[in-house]
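# A structural walkthrough
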Amino acid sequence: TFGRTRLILTVHSLLGVERDRRRVLYFRLFARFADRIVAVSPWLKDRIAALGVDPARVEVVPNGATFPERLPLGPSARRALRRELSPGLPVALVEARWLLCLGRIHPGKGQELVLRVWEALPPSCRNRLALFFVGQPNAPEHLERLRRLALDAAGAARIVIAPPSDRPQDWLAASDIFISASSYEAMPLAPLEAAGSGLPAVLSDIEGHRFLRGRALYFDAAKPEEGARRVAEAVAAIDRAGDREHAEAAWREAEPLRRRWGSRAMTSSYIDIFQSVHKSSAAAAEGRPKLGGI
């Protein structure tokens, strides 16, 4: 198009690029054709620069999360939602505290580590919880392996691997604690949406999770017993405050997070970028020689 169509490239991950020299070369080559490059986190911008792209060409626009617009559900509404999300669930699990691992089922997402955290919990704590895995499997073999490990885990009767769902907000609303044990993230939405919904978030201490510092409980991925302590701390905090009181206080405290990381903030940033590209395109067109008949 000889520059008449402007290209904005958004980069959400470099997984699968950085480890392949040929793909690194392709990325560096084709990135030159972009008028704007947008990374979804400062850490990802640094990784793009490490591939040989001029960091001055890269802007950061975090992914916008979708947050609920209402206060946490009351006890009866939450029980009804749980039965709707997981029909046929035993009453004991409906009434348990839900520990939610929400995300694509993939080795890099850490579901197997979550199981090790689960097994490291004291039985007195684990017997009050129900662990739910909700997500689209990356490949059938990953899902089958997770199922086998769950069947052999301590407290297997309290572990549920739910079908993939297009209702992540409802799963967050139905749960008490969120957990992610990912080994790699660029800009993860599930932990952000959980924290913005007021759920205690227990997260592996990786670079991609640290933007929630001060709003989450972190553990060393090499120490599942540390993750178990963080889950137990979250349970104890809910016990001290009371379910309803804890949820309402956490919802209020998460307001700055919802304001900063919401989809409106992301949309506003992209509008600014689109308008900037449009203006530079118009200015370039003014100075370009006219072609006869075009």
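For the structure, see preceding data.
Here is what the cut-offs are and how they apply
- Along each chain, the written sequence defines residue order, and numbers are assigned to residues from 1.
- Whole-chain, interface and lining totals are the exception, using all residues; otherwise, since this is a predicted model, local features are given only for residues with pLDDT of at least 70 and side-chain atom pairs are given and counted only at 80 or more.
- Hydrogens and waters are ignored; side-chain quantities use all the structure's heavy atoms.
- When accessible area is computed with a 1.4 Å probe and restricted to protein chains, residues below 20% of their type maximum are described as buried, those above 50% as exposed, and intermediate ones as partly exposed.
- Helix and strand definitions follow DSSP, with helices as H or I runs of at least four residues and strands as E runs of at least two, each counted in order from the N terminus.
- Should DSSP find at least two bridges between two strands, the strands are regarded as paired.
- If you view a crossover with the strands going away from you and the path from the first strand over the helix to the second runs clockwise, you call it right-handed.
- Where helices are involved, their axes are fitted lines through C-alpha atoms of the stretch in contact, as for all axes, and angles between N-to-C directions lie from 0 to 180°.
- If an angle is under 35 degrees, it is roughly parallel; if it is over 145, roughly antiparallel; if it lies from 65 to 115, roughly perpendicular; otherwise it is oblique.
- For a crossing to be left-handed, the near helix must be turned anticlockwise from the far one by less than a right angle; the clockwise case is right-handed.
- By definition, residues are in contact when any of their heavy atoms lie within 4.5 Å.
- Residues are grouped as follows: nonpolar covers Ala, Val, Leu, Ile, Met, Phe, Trp, Tyr, Cys and Pro; charged covers Asp, Glu, Lys and Arg; every other residue, Gly included, is treated as polar.
- Nonpolar cores are built from buried Ala, Val, Leu, Ile, Met, Phe, Trp, Tyr and Cys residues. Side-chain atoms within 4.5 Å join them into one set.
- Stacked, tilted and edge-to-face are the three classes assigned to paired rings of Phe, Tyr and Trp, where Trp is represented by its six-membered ring and a pair needs centres within 6.5 Å; plane angles under 30 degrees give stacked, over 60 edge-to-face, the rest tilted.
- When the NZ atom of lysine or the CZ atom of arginine is within 6 Å of a ring's centre and also within 35 degrees of its normal, the charge is said to sit over that ring.

### Remarks on the pairing of strand β2 (residues 36-39)
Here β2 shows a buried face lined by Arg36 and Val38 and a second buried face lined by Ile37 and Ala39. Relative to strand β3 (residues 58-60), β2 is paired through 3 bridges, and the arrangement is parallel. Among the inter-strand pairings, Ile37 is bridged to a residue of β3, identified as Val58. Taken together, β2, helix α2 (residues 42-50) and β3 form a β-α-β motif whose crossover is right-handed.

### Looking at the packing of helix α5 (residues 111-120) against helix α10 (residues 224-241)
At a minimum axis separation of 8 Å, α5 and α10 run at an interaxial angle of 65 degrees. Regarding the angle of α5 to α10, the classification is roughly perpendicular. In the packing of α5 onto α10, the handedness of the crossing is right-handed. Counted together, Leu113, Arg116, Val117 and Ala120 of α5 and Pro224, Glu225, Gly227, Ala228 and Val231 of α10 form the full contact between these two elements. Of the residues assigned to the contact of α5 with α10, the class counts are 6 nonpolar, 1 polar and 2 charged.

### A look at the nonpolar core
Note that soluble globular proteins tend to have their nonpolar side chains buried in a common cluster. Counting residues in hydrophobic clusters, the biggest one holds 50 residues, and the most contacted among them are Ile48, Phe132 and Phe178. Not counting chain neighbours up to four residues away, the residues in contact with Phe178 comprise Leu100, Leu102, Leu172, Ala190, Pro191, Ala194, Leu199, Pro200, Ala201, Val202 and Leu203. Counting 28 residues, the second-largest nonpolar core is a separate cluster that includes Leu143, Ile177, Ala181 and Val231.

### What to know about the packing of aromatic side chains
On inspection of all chains with the given rule, the structure shows 7 aromatic pairs. Seen from their ring centres, Phe132 and Trp171 are 5.8 Å apart, and the 50 degrees between their planes marks the pair as tilted. You can see Phe132 sitting in strand β5 (residues 129-134) and its partner Trp171 sitting in helix α8 (residues 168-174), a full 39 residues away along the chain. The pair formed by Phe132 and Trp171 is uniform in burial state, with each residue classed as buried. An aromatic cluster is built from Trp98, Phe132 and Trp171, whose rings are joined through pairwise contacts. Of note, Arg213 hangs over the ring of Tyr218, and the distance from its end group to the ring centre comes to 4.3 Å. Above the face of the Trp251 ring, Arg258 is positioned so that its terminal group lies 3.7 Å from the ring centre.

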